[in-house]
Amino acid sequence: MSNQRTATLTIDGQTTEFPIMGGTVGPEVVDIRSMYGKTGMFTYDTGYLSTASCKSSITYIDGDKGELWYRGYPIEQLAEHCDFLDVCYLLKNSELPTAAEKTEYVSQIKRHTLVHEQLARFYAGFRRDAHPMAIMAGVVGALSAFYHDGMDISDQAHRDISINRLIAKMPTITAMAYKYSVGQPFMYPRNDLSYAGNFMYMMFGTPCEEYKPNPVLEKALDRILTLHADHEQNASTSTVRLAGSSGANPYAVIAAGIACLWGPAHGGANEACLQMLEEIGDVSRVPEYIKRAKDKNDSFKLMGFGHRVYKNFDPRAKLMRQTCYEVLTELGLENDRLFKLAMELERIALEDEYFIEKKLYPNVDFYSGIVQKALGIPTSMFTCIFALARTIGWITQWNEMITDSEYKIGRPRQLYVGPNRRDVKPVEQR
Ligand code: CMC
């Protein structure tokens, strides 16, 4: 007798067994791949509330315990002991680098930081007031025009080089989107700086004077990147997997992830959060907005609060909160109007029955928006920085999918509720 545990589905008295599969940790899954063949029925799960769309060994989240691991390592330990490039190496290669591997990896990444001069000219095609996420989606997608013909995605060496190129060029592309929007010259990357330091230099440096990144702020930015590097099968990652499942060019696939991330319910939340704080304007108006957030007839939500998976706390938010205080202290901004307002909002919401009952806590984007604002990053760039950080997660998930022996093009089905079959009438009878 097989030891395979099964789940039984009974439809109109007919029972069908489906295997139960277990992972390392986390909920088991019922393998329903044979369900349509056996029953003629699909499952219905809009928003993927109960659906595991793939097997993955990259990131694990326990939403109830507030745990996040990359390749088994808790995010708290990675944030404390590693920098973003360690995390990129880990996500991509499954293990943290040795000292020699890190040196080699950093030098490989630095080899690719420049973008083709022709790519730089792409920016001029955008209106100067274009949202930088629109520019990002366009320019990253355009990389596929530069690296397509010679690319064979079934070859690991080709995939590796695309992954390194993306990690290396994303800071350059992101900073260029910013420079274009403020009408300043693009700054070429400086490979003597750290990943985060170089990004700050390309964002805030100008050819007119020397720019040295502040180490506290550089560390804060590196932490933002680490905390946003991957988050298992969220909307943008699932978009990347679905877009990539057709065998599409990886740069175009990452552009699809960027487009998805832009939405305010996902990566756009940090920008929406800062806009909300500006709209609230003053501590005295916090109760009014809390009231609105609780009103069923008002579509207003407290941006930066709540999470689909984390129902007790977001571990990234805890770390980002600490960074937030470090940065505000370093910059002497503890008494800044907006930051005081954010802290008051956090205090009231954490004590409010509605938010407690619905398990709505500040998420990572609540604090990362505040940190980025303090770093001098304009609100419209927040989601671009999220995209820069998440690129390693997206491309690692894409790589994992391509190498999965069970990999198939993604093709969900539907419950059709449109008109039944009908015949087209001649125009005069319609
Ligand atoms: N403010 C007020 N009420 C809220 C909020 C909020 N931010 N979030 C959820 N609720 C209420 C919601 O109205 C619902 O109430 P009811 O049960 O009475 O219908 C209940 O809480 C459950 O919410 P839900 O929308 O069904 O939960 P979800 O898991 O589908 O949505 C979410 C999660 C993150 C989209 C949502 O909480 C939200 O829109 N938050 C604000 C946007 C935000 O901060 N997004 C960033 C997420 S973290 C970054 C990332 O990983 O992408």
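Just so it is clear, the model here is predicted, and its values are computed rather than measured.

Chemist: Residues and numbers for helix α10 (residues 235-244), please.
Modeler: Looking only at α10, the buried set comprises Ser236, Thr237, Val240, Arg241 and Gly244. Taken around the axis of α10, the buried residues stretch over an arc of 145°, which confines them to a single face. Those residues of α10 hidden inside the fold are in contact with α11 (250-261) and α18 (382-402).

Chemist: Got a sec to walk through the sheet that holds strand β1 (residues 6-11)? Specific residues and values, please.
Modeler: The antiparallel open sheet is built from 3 strands, whose spatial order is β1-β2-β3. Two strands lie at the open edges of the sheet, namely β1 and β3 (29-30), each paired on one side alone. Looking at chain direction, β1 and strand β2 (residues 14-21) are connected through 6 bridges and run antiparallel. In the sheet register, Ile11 faces β2, and the bridge partner there is Gln14.

Chemist: Break down the packing of α11 against α18 for me, citing the residues and quoting the values.
Modeler: Running from amino to carboxyl end, α11 crosses α18 at an angle of 130°, the nearest separation of the two axes being 10 Å. Considering their axes alone, α11 and α18 lie oblique with respect to each other. Seen from above, α11 lies across α18 with right-handed handedness. Within the contact between the two elements, α11 uses Pro250, Val253, Ile254, Gly257, Ile258 and Leu261 and α18 uses Thr383, Phe386, Ala387, Thr391, Trp394, Ile395 and Trp398. Counted by class, the contact of α11 with α18 contains 10 nonpolar, 3 polar and no charged residues.

Chemist: Lay out the site of the ligand with the relevant residues and their values.
Modeler: Contacts to the ligand come from 20 residues, most closely from His266, Lys296, Leu302, Gly304 and Arg308. Between Ala265 and the ligand, the recorded distance is 3.4 Å, taken from a backbone N or O atom to a nitrogen atom. The separation between an oxygen atom of the ligand and a polar side-chain atom of Lys301 is 3.3 Å. Out of a free accessible area of 940 Å², the ligand has 75% covered by protein chains. Considered class by class, the residues forming the shell around the ligand number 8 nonpolar, 5 polar and 7 charged.

Chemist: Please set out the environment of Met276 residue by residue, giving values where relevant.
Modeler: Its location among the elements puts Met276 in helix α12 (residues 269-280). Residue Met276 is classed as buried on the basis of its relative accessible area, which comes to 4%. The spacing of Met276 and Tyr289 is 13 residues in sequence and 9.5 Å in space, taken between C-alpha atoms. Not counting the four nearest positions on each side in its chain, Met276 is found in contact with Phe300, Lys301, Leu302, Met303 and Leu345.

Chemist: Can you explain the nonpolar core? Please cite residues and give values.
Modeler: Ranked by internal contacts, the top residues of the largest apolar core, which has 117 residues, are Leu302 and Leu345. For this core, the element with the most residues is α18, which contributes 13 residues. Each residue touching Leu302, except ones within four places of it in the same chain, is listed here: Met276, Ile290, Ala293, Leu345, Ala349 and Phe355.

Chemist: Tell me about the domain arrangement of the chain, and please be specific about residues and values.
Modeler: By a widely used convention, the size of an interface equals the accessible area lost when the partners come together. Each domain of the chain was delimited in the assignment, giving domain 1 (1-43) and domain 2 (46-416). Each partner contributes to the interface: domain 1 provides 6 residues, whereas domain 2 provides 7 residues. Interface of domain 1 and domain 2: buried area, both sides summed, is about 490 Å²; carbon and sulfur atoms make up 71% of it. Of all residues in domain 1, the largest losses of buried area upon contact with domain 2 belong to Val25, Arg33 and Phe42, amounting jointly to 65% of the total for that side. Between Glu406 and Arg33 there is a salt bridge, and its shortest N-O distance comes to 3.4 Å. Here domain 1 and domain 2 share 1 residue pair in polar contact (both at pLDDT 80 or more) between them. For the side of domain 1 that touches domain 2, the residue count by class is 4 nonpolar, 1 polar and 1 charged.

Chemist: Explain unusual backbone geometry to me, and be specific about the residues and the numbers.
Modeler: Despite not being glycine, Tyr48 has its phi angle at roughly 50°, a positive value. With respect to the helices and strands, Tyr48 occurs in the loop between α1 (35-39) and β4 (59-62). Here the phi dihedral of Lys359 falls at roughly 55°; this positive angle occurs in a residue that is not glycine. You can see Lys359 is positioned in the loop between α16 (353-357) and α17 (364-375).

Chemist: Would you mind going over the sheet that holds β4 in detail, with residue names and values included?
Modeler: Taken in spatial order, the 3 strands make up an open sheet running β4-β5-β6, and their pairing is antiparallel. Lying at the two open borders of the sheet, with one neighbouring strand each, are β4 and β6 (73-74). Bridge analysis of strand β5 (residues 67-70) against β6 gives 2 bridges, and the strand direction is antiparallel. Its bridge partner being in β6, Tyr70 is matched across the sheet by Tyr73.

Chemist: An account of the pairing of β4 is needed here, citing residue identities and associated values.
Modeler: Regular strands show a simple pattern: their side chains alternate between the two faces of the sheet. Of the two faces of β4, the one lined by Thr59 and Ile61 and the one lined by Tyr60 and Asp62 are each fully buried. The hairpin formed by β4 and β5 contains 4 residues between the paired strands, and Gly66 there has a positive phi angle of roughly 70°.

Chemist: I'd like a rundown of the pattern of salt bridges, residues and numbers included.
Modeler: This model, assessed by the stated rule, comprises 23 salt bridges. We note a salt bridge from Lys373 to Glu278, for which the minimum N-O separation is 3.7 Å. Of this pair, Lys373 sits in helix α17 while Glu278 is found in helix α12, placing the two residues 95 residues apart along the sequence. Look at Glu278 and you get partly exposed, because its relative accessible area is 39%. Here Arg292 ties to Asp298 by a salt bridge, and the two come within 2.7 Å at their closest N and O atoms. Beyond isolated ion pairs, a larger network of salt bridges with shared partners links Asp31, Arg33, Lys55 and Glu406.

Here is what the cut-offs are and how they apply
Residues numbered from 1 in each chain as written. Predicted model: local features only at pLDDT ≥ 70, side-chain atom pairs only at ≥ 80, totals over all residues. Heavy atoms only, no water. Buried < 20%, exposed > 50% of the residue type's maximum accessible area, 1.4 Å probe, protein only. Helix = DSSP H or I, 4+ residues; strand = E, 2+ residues; numbered from the N terminus. Arc of directions from axis to C-beta. Contact = heavy atoms within 4.5 Å. Pairing = 2+ DSSP bridges. Axes fitted to C-alpha atoms, helices over the stretch in contact; angles between N-to-C directions. Parallel < 35°, antiparallel > 145°, perpendicular 65-115°, else oblique. Left-handed = near helix turned anticlockwise from the far one by under 90°. Nonpolar A, V, L, I, M, F, W, Y, C, P; charged D, E, K, R; others polar. Near = heavy atom within 4 Å. Polar contact = N/O pair within 3.5 Å; in protein donor to acceptor, adjacent residues only side chain to side chain. Areas by Shrake-Rupley, 256 points an atom, 1.4 Å probe, with all protein chains shown as cover. Core = buried A, V, L, I, M, F, W, Y, C linked by side-chain atoms within 4.5 Å. Domains from an automatic or database assignment. Buried area = accessible area lost by both parts, 1.4 Å probe. Salt bridge = Lys/Arg side-chain N within 4 Å of Asp/Glu carboxyl O.

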